[in-house]
Amino acid sequence: MSEGIVVLDYGSQYSQLIARRIREKGFYSELFPWNSSEKSVMEKAPRGFVLSGGPRSVYAPGAPTLPDYLLESRLPILGICYGMQLLAHSLDGKVAPASESEYGQARIELIDEQNLLLPVSALEPEFDVWMSHGDRIEQVPAGFNVLARTRNSPVAAIGDTSRNLYGLQFHPEVTHTEHGADILAAFAGAICRCQRDWTPAKMIDEAVEAIRKQVGPNRLVLGLSGGVDSSVVAVLAHKAIGDRLTSIFVDTGMLRLGEAEQVKQTFEQTVGLNLISIDAADEFLDMLGGVVDPEQKRKLIGERFVRIFEREAKSLLDEGDLYLAQGTIYPDVIESAAIDRPDAMRIKTHHNVGGLPVDMEFAGVVEPLRYLFKDEVRRVGTELGLPDEIVWRQPFPGPGLAIRIAGNVTKQGLDKLRQADAILRQELAARGWLRDQTAQAFAVLLPIKSVGVMGDGRTYEQPIVIRAVQTDDFMTASWARLDYDVLAYISQRIVNEVDGINRVLYDVTSKPPATIEWE
Ligand code: XMP
């Protein structure tokens, strides 16, 4: 990065969002733990800093502090919530517990049309913001003006225009704050004078060049799952080093209808990848025979997957140094360097192929997506010419359909589930609902039977559950309120077209208390 905004993370749950919103507005931004070394931050040549919110009180013993080099740099600074209080506290303002904490929506009133809030004040003098704080500024530091207030926060925004130091008590990064992204964009553009030219596609040439340089004349191996992250890595690495990339695709037999063929076809024929495709379906099915415990299924599948991947990767070792490519994305990187997990900072890479550790020595790890958010990876995928089915693929768990057949996994069960799942996804895809009405939608096969009547005969068959959820982060989720007529049509198709299914249920449980998957 150069000429972008560095966001220093003080532990707010919204820190990632700040960098994301700034990027969405076309300015580059990266997130660093607040106590990162001056060198690591300044070598990014930032044009300004944002200090995130955080859970502490600035006056509490051991609370995170403002690194000296920030003010010394004379670059613009925008503090948000804790960040604003820290700025005020460090500049001899006064921060104290508020008599009333302020959580949730508040109406903000602009007092002074200083440039940071200008794009907003031009629109309206009052708007809704999102607050979450227990402390407040009692006295602003010398040189600062109060720019806005709410009923409970007489100091809701401050600014010192001569030094380009600003503070917001509210969170501009959350969507509940009206014009929040515009305020961040005004900071990055009008105040920090960043170039507004960041697009995810801009990283393509850089990433290709970086891979070429890192791998040199050596070889690179990638575990290709068919998900968007590993697929984008495959195309970038292939552009960089062509046949010296070997991608390994393991068909566990737990994939959805036509999925293995689609992945092979796309990458062999369209992209021209050097693909080792292992059909291990029988091996996995045999191994799972009689296993009903979900965690046991996960463990067995994970171990077997790693063994197969290692075996194939090791066969490439004979030909010189071997690098490992991974689809690590920015949220994984931030997570492993999170400030409340200092030990995690020693973790340099995510040794996961299909989400699993690999016990093998590689010359190095290649992670071209480590600065991208998921939606940015998708845009790069489209730019690289990957088909929509891959770019917009919903998350699919490593253990695959094995954890969507409750209980014992059999070939017959897999066949039924695959057909039902394909009908569900076809109908949702036809309406565009795999992109905007559901974050994840799939079918589950239950190990029980119920009585039905078809034609003139009695049936005694298994039910299919339809699970469809809405979520941004997959940590919590609500069940998707799909249209009843569409559900009725899908139910009818499944019962008519899939042998051995005579009933369809719709799961109306959120997460929590349920999880997204059934096992
Ligand atoms: P849960 O069921 O925990 O799922 O609410 C949250 C997200 O994680 C995915 N998931 C998995 N992904 N291996 C994976 O690679 C797994 O064992 C696994 N279990 C759940 C799930 O599909 C959802 O997106």
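In case you missed it, the structure is sitting above this.
Definitions and limits used
Residues numbered from 1 in each chain as written. Predicted model: local features only at pLDDT ≥ 70, side-chain atom pairs only at ≥ 80, totals over all residues. Heavy atoms only, no water. Buried < 20%, exposed > 50% of the residue type's maximum accessible area, 1.4 Å probe, protein only. Helix = DSSP H or I, 4+ residues; strand = E, 2+ residues; numbered from the N terminus. Pairing = 2+ DSSP bridges. Right-handed = clockwise from strand over helix to strand, strands pointing away. Axes fitted to C-alpha atoms, helices over the stretch in contact; angles between N-to-C directions. Contact = heavy atoms within 4.5 Å. Near = heavy atom within 4 Å. Polar contact = N/O pair within 3.5 Å; in protein donor to acceptor, adjacent residues only side chain to side chain. Areas by Shrake-Rupley, 256 points an atom, 1.4 Å probe, with all protein chains shown as cover. Nonpolar A, V, L, I, M, F, W, Y, C, P; charged D, E, K, R; others polar. Core = buried A, V, L, I, M, F, W, Y, C linked by side-chain atoms within 4.5 Å.

1. Observations regarding the pairing of strand E11 (residues 245-251)
Then, in step 1: Within E11, seven of the seven residues are buried, which leaves the element mostly enclosed by the surrounding structure.
Then, in step 2: Residues Leu245, Ser247, Phe249 and Asp251 point to one face of E11 and Thr246, Ile248 and Val250 to the other, with burial holding for every one of them.
Then, in step 3: Relative to E11, strand E10 (residues 219-223) runs parallel, the two sharing four bridges. Its bridge partner lying in E11, Leu220 is registered against Leu245.
Then, in step 4: Read from E10 through helix H8 (residues 228-241) to E11, the crossover connection turns out right-handed.
Then, in step 5: Here five bridges tie E11 to strand E12 (residues 275-279), and the two strands are oriented parallel to one another. Considered in E12, the bridge of Phe249 is made with Ser277.
Then, in step 6: Each parallel crossover has a hand, and for E11 linked through helix H9 (residues 259-270) to E12 it is right-handed.

2. Topic: the sheet that holds strand E5 (residues 94-110)
Then, in step 1: Reading across from one edge, E2-E1-E3-E4-E9-E8-E7-E5-E6 is the order of the nine strands in this open sheet, with mixed pairing throughout. A single partner strand is all that each edge strand has here, and the edge strands are strand E2 (29-33) and strand E6 (126-139). On average, adjacent strands in this sheet sit at an angle of 20 degrees to one another, irrespective of strand direction.
Then, in step 2: Sitting on the sheet, helix H6 (residues 180-191) is in contact with strand E1 (5-9), strand E3 (48-51), strand E4 (77-80), E6 and strand E9 (165-168), with an inclination near 165 degrees to E4.

3. Observations regarding the site of the ligand
Then, in step 1: In the vicinity of the ligand, the contacting residues are Arg298, Pro395, Pro397, Gly398, Pro399, Gln440, Phe474, Lys511, Thr515, Ile516 and Glu517.
Then, in step 2: Here Glu517 contributes a side-chain N or O atom positioned 2.5 Å from an oxygen atom of the ligand.
Then, in step 3: Look at the ligand: alone it shows 490 Å² of surface, and the protein chains cover 71% of it.
Then, in step 4: Of the residues contributing to the shell around the ligand, the split by class is five nonpolar, three polar and three charged.

4. Quick notes on the nonpolar core
Then, in step 1: Val221, Met254, Phe284, Leu428, Ile464 and Ile494 are the most contacted members of the largest nonpolar core, which has 48 residues in total.
Then, in step 2: At the level of elements, E11, helix H10 (281-288), helix H11 (294-314), strand E13 (322-325), helix H15 (411-430), strand E15 (440-445), strand E17 (457-470) and helix H16 (484-497) are the ones that each hand at least two residues to this core.
Then, in step 3: For Ile464, the residues in contact, after removing those within four places along its chain, are Leu417, Ala420, Ala443, Val444, Leu445, Ile494, Ile501, Arg503, Val504 and Leu505.
Then, in step 4: Among the nonpolar cores identified, the runner-up in size contains 41 residues, and Tyr28, Leu224, Leu245 and Val380 belong to it.

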